[in-house]
Amino acid sequence: MSQTLVTPGARTPQDAADAAARTLQAASRRRALITGGGFLAVGAYALWAFGLGTEGGTDAVFGMTVTGSGPKVGDLEVGARATAIAMSVVCMAAGVARVVLDASKLWRRLTTSVFVAAFVVAFLCWAVAGKQMSFAGALQNTMLAATPLILGALGGVVGERSGVVNIAIEGQFLFGAFAAALVASITDSLWAGLVAGAVAGGLVGALLAVFAVRYMVEQVVLGVVINLLVAGMTGFLYSQLLRPHGDKYNNPGVFQNHAVPGLSEIPVLGPVLLDVNAIVYLMYVLVAVVHFGLFHTRWGLRARAVGEHPTAADTVGIRVRRTRYLNVSGAGCIAGIGGAFLTIGTVGTFSKDMASGAGYIALAAVIFGRWRPLGAVAAALLFGFSKALATSLQTVQTPIPSEVLQMLPYVVTIFAVAGLVGRVRPPAAANKPYEKA
């Protein structure tokens, strides 16, 4: 008859599991207290600064008609002081709810969403008190700002899910924007420029893949170096070619908007979402394709396998290096389309360093979205809205200095990634070169 020897004082597996569960529960409780306390403090500040700091009897007027398209909608007028106070109280209530009630994932997301929305409304009521701001225009500008961020974030998700950290999104934006402007100007074809932008982004992605996969260079440092290389190269070509011969090489034009019949007549959101140009419609398609492909196809299963456990993937016949080469290059093509949007999708010309850090914000959207396409889209929309809001408020002449408003998108990015996203787990093999034994 066999006997099990137990060392005196040693914990059984059940005791160890219970201890681990208690540790996790304590950590979750501590995070709820910190986050809920933060919501309460920020809500109290909003009550003091935005609610009590707004003059009574004034209205905040928000224009709800998109200029030049869509149906005419009446303006939204609200009492600035009362609304700001009410929304500040909602912020504090979200903090209390976060501390007292259940701390499930759904509840955390709900309280965070309510807090952010209420804080933004309170802030807007204070900033627009006695004035008028086009809210529909801000939403339209949000789509313009978010489109390249979404495309860059999709490229980042695909690359990092495959195990390669893509810091080079900024470089892919810049090279895509440059190539799109140059080729569209030479060929007099915006579609040729769009293809050139995608190819240029793919080339930067291929360069990243070669050094990260073949030569096993540290991927974060590699991405920063590639960004500097592309910034220097496009800056040189701009000063030597595009600027002195702008009419010939830097005059591509822009894609015109096309409205979806019927649906574009939906008030406010119709013209914002469905009266846009071809690159935005292409972005819609790519979001669906990347999400479906990553989680519902054999390609996505293999990509996630090499990003989580490349050794196990190799043992079942998946070619790890080949998968990473193809996915990182393809991800570069998607980011390159985002770069093309910066030129042939909006302003119509290329200028030096025109990405202005958008690639790094797209990378933050990847993390904020927890390496999921739809999460990254939501994060990119949040960052795009902050940028559009900063632009709209500058025209309203708020008490906030314009320099501070220009910092708003980057402040929101830092706050979202460091304060709201919490503890996240990247793909296990990200930034870890794979060498076959």
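Please refer to the structure placed before this passage.
Computed from a prediction, not measured in an experiment: that's the story for all the values here.

Calculation rules
- What you see as residue numbers is a count from 1 along each chain, following the sequence as written.
- Totals for whole chains, interfaces and linings use every residue, but because this is a predicted model, local features are given only for residues with pLDDT of at least 70 and side-chain atom pairs only at 80 or more, for both listing and counting.
- No hydrogens and no water enter the side-chain calculation; it runs on all heavy atoms of the structure.
- Put simply, DSSP H or I for four residues or longer makes a helix, DSSP E for two residues or longer makes a strand, and each gets a number counted from the N terminus.
- A helix is expected to span 1.5 Å multiplied by its residue count minus one.
- The bend at a residue is defined as the angle formed between two axes, one fitted to the seven residues ending at that residue and one fitted to the seven starting there.
- Working definition: with a 1.4 Å probe on protein chains only, accessible area under 20% of the residue-type maximum means buried, over 50% means exposed, and in between means partly exposed.
- The definition used for a disulfide is geometric: two cysteine sulfur atoms within 2.5 Å.
- Each pair of strands is called paired provided DSSP finds at least two bridges between the two strands.
- Axis definition: a line fitted to C-alpha atoms, over the contacting stretch in the case of helices. Angles run 0 to 180 degrees between N-to-C directions.
- Whether two residues are in contact is decided by their heavy atoms, any of which lying within 4.5 Å being enough.
- Candidates for patches are residues over 30% relative accessible area with no salt bridge; among them, like charges are joined within 9 Å and nonpolar side chains (Val, Leu, Ile, Met, Phe, Trp, Tyr) within 5 Å.
- Accessible surface area values rest on a Shrake-Rupley calculation with a 1.4 Å probe, where residue burial reflects the displayed protein chains alone.
- In the sections that follow, a salt bridge refers to a side-chain nitrogen of Lys or Arg positioned within 4 Å of a carboxyl oxygen of Asp or Glu.
- For the charge count, each Lys or Arg is scored as positive and each Asp or Glu as negative, with His and the chain ends excluded.
- Charge positions come from single atoms, namely NZ of Lys, CZ of Arg, CG of Asp or CD of Glu.
- Just so you know how the angles are binned, under 35 degrees is roughly parallel, over 145 roughly antiparallel, 65 to 115 roughly perpendicular, and the rest oblique.
- Left-handed describes a crossing whose near helix is turned anticlockwise from the far helix by less than a right angle; the clockwise case is right-handed.
- Take the buried Ala, Val, Leu, Ile, Met, Phe, Trp, Tyr and Cys residues and link them wherever side-chain atoms come within 4.5 Å; each set so joined is a nonpolar core.
- Nitrogen and oxygen atoms within 3.5 Å of one another constitute a polar contact, given that in protein one can donate a hydrogen and the other can accept it, and given that sequence-neighbouring residues count only through two side-chain atoms.
- The arc refers to the directions leading from the helix axis to the C-beta atoms.

### Description of helix α13 (residues 320-347)
- Here α13 spans 40 Å end to end across 28 residues, near enough to the 40 Å set by a 1.5 Å rise per residue.
- Most pronounced at F341, the bend in α13 amounts to some 40°.

### A few points about unusual backbone geometry
- Phi at M216 is positive, roughly 55°, even though this residue is not glycine.
- The phi dihedral of N431 falls on the positive side, at around 65°, and the residue is not glycine.
- Structurally, N431 is set in the segment after α16 (402-420).
- Accessibility expressed as a relative area gives 26% for N431, which makes it partly exposed.

### Focus on the state of the cysteines
- Counted under the stated rule, the structure contains zero disulfides.
- Looking at the unpaired C91, the closest cysteine sulfur is the one in C125, lying at 11 Å.

### Observations concerning the sheet that holds strand β3 (residues 132-134)
- Ordered by their spatial adjacency, three strands build an open sheet running β2-β1-β3, and the pairing between neighbours is mixed. What marks the edges here is a single partner per strand, and that holds for β2 (76-79) and β3. This sheet shows a mean twist of 20° between the axes of neighbouring strands, independent of strand direction.
- Where strand β1 (residues 59-63) lies against β2, four bridges are found, and the strand directions are antiparallel. Looking at the pairing, D59 lines up with G79 of β2.
- Against the sheet, helix α3 (residues 105-128) makes contact with β1, β2 and β3, and its axis sits at roughly 105° relative to β1, the strand it touches most.
- With respect to the sheet, helix α4 (residues 135-161) is in contact with β1 and β3, its orientation differing from that of β3 by roughly 35°.

### A word on the environment of Q394
- Take Q394: it is sitting in helix α15 (residues 373-396).
- What makes Q394 partly exposed here is its relative accessible area of 34%.
- For the pair formed by Q394 and L124, sequence separation is 270 residues and the distance between their alpha carbons is 13 Å.
- Setting aside anything within four residues of it in sequence, one finds Q394 in contact with S402, L405 and Q406.

### Describing a positive patch on the surface
- Positive charge collects at one region of the surface, where R30, R31, K105, R108, R109, R370 and R372 lie side by side.
- Elements with a contribution of two residues or more to the positive patch: α1 (13-51) and α3.
- Among the elements that make up the positive patch, the one with the highest residue count is α3 (three residues).
- Mapped onto the secondary structure, R108 falls in helix α3.

### Describing the packing of helix α10 (residues 278-296) against α13
- Between α10 and α13, the shortest axis-to-axis distance is 11 Å and the interhelical angle comes to 165°. Relative to α13, the element α10 lies roughly antiparallel. For the crossing formed where α10 meets α13, the hand is left-handed. Contact residues: I279, V280, L282, L286 and V290 in α10; I334, I337, A340, F341, I344 and G345 in α13.

### Structural notes on the nonpolar core
- With 109 residues, the main nonpolar core has M133, I150, I279, I344, F350, F383 and L393 as its most contacted residues.
- Excluding its chain neighbours within four sequence positions, the residues that come into contact with I150 are M283, V287, V377, A380 and L381.

### A closer look at a nonpolar patch on the surface
- Nonpolar side chains collect at one region of the surface, where L207, V210, F211, Y215 and L229 lie side by side and expose about 430 Å² of accessible area between them.
- Relative to the elements of secondary structure, L229 occurs in helix α7 (residues 219-242).

### Some remarks on the environment of T187
- Considering the arrangement of structural elements, one finds T187 in helix α5 (residues 169-187).
- What makes T187 partly exposed here is its relative accessible area of 42%.
- Remark: the alpha-carbon pair of T187 and Y249, spanning 62 residues in sequence, is separated by 9.8 Å.
- From its side chain, T187 meets the backbone oxygen of V183 in a polar contact 2.7 Å long.

### Topic: helix α11 (residues 298-308)
- Inspection of α11 places G300, A303, V306 and G307 among the buried residues, and these make up the whole buried set. End-on, the buried residues of α11 take up no more than an arc of 135°, which puts them together on one face. Exposed residues on α11 whose side chains face more than 90 degrees from its buried face are R298 and L301.
- Where α11 is buried, its residues contact α4, α10, α12 (310-315) and α13.

### So, the pattern of salt bridges
- By the definition in use, this model includes one salt bridge.
- Between R425 and E308 there is a salt bridge whose closest N-O contact spans 3.4 Å. Of this pair, R425 sits in the segment after α16 while E308 sits in helix α11, placing them 117 residues apart in sequence.

It is worth stressing that arrangement in space is one thing and function is another; only the former is reported here.
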